[in-house]
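Breakdown of the fold
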Amino acid sequence: MGFLGRGKPKNPEEHRYYLLPGQGRGSRIKHRNQLLAAWSVGLLASAMLGGILWWLAMPH
């Protein structure tokens, strides 16, 4: 059985790892999409801030 120390499981490799809810393939895809969105927003925000600072530094 292998439950609560009552003997060894038949296949110990089968019980070595388990996934919690939200750790599957869908989670990896969601995480990658969120990372790409964060990079995009970060690049856009830094470009806007750089443009504002450049415009303020120009002699008028």
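Residues numbered from 1 in each chain as written. Predicted model: local features only at pLDDT ≥ 70, side-chain atom pairs only at ≥ 80, totals over all residues. Heavy atoms only, no water.

For the rest of this paragraph, the subject is the overall build of the protein chain. Tallying secondary structure elements over the protein chain gives one helix and zero strands in all. Considering the protein chain as a whole, with its 60 residues, one finds that 0% of them fall into the buried category. Only carbon and sulfur atoms are counted for the fraction: they give 67% of the accessible area of the protein chain, which is about 6200 Å². (Helix = DSSP H or I, 4+ residues; strand = E, 2+ residues; numbered from the N terminus. Buried < 20%, exposed > 50% of the residue type's maximum accessible area, 1.4 Å probe, protein only. Areas by Shrake-Rupley, 256 points an atom, 1.4 Å probe, with all protein chains shown as cover.)

For the rest of this paragraph, the subject is a nonpolar patch on the surface. Taken together, the side chains of Leu-49, Ile-52, Leu-53, Trp-54, Trp-55, Leu-56 and Met-58 define a hydrophobic patch exposed on the protein surface, amounting to about 800 Å² of accessible area. With respect to the element layout, Ile-52 can be found in helix α1 (residues 25–57). The partly exposed category is assigned to Ile-52, whose relative accessible area is 46%. (Patch = residues over 30% accessible without salt bridge, like charges linked within 9 Å, V, L, I, M, F, W, Y side chains within 5 Å. Salt bridge = Lys/Arg side-chain N within 4 Å of Asp/Glu carboxyl O.)

Right, let's get into α1. Helix length check: α1, at 33 residues, gives a terminal C-alpha distance of 48 Å against a target of 48 Å (1.5 Å per residue), a fit within 8%. With zero of its 33 residues buried, α1 lies for the most part at the surface. (Expected span 1.5 Å × (residues − 1).)

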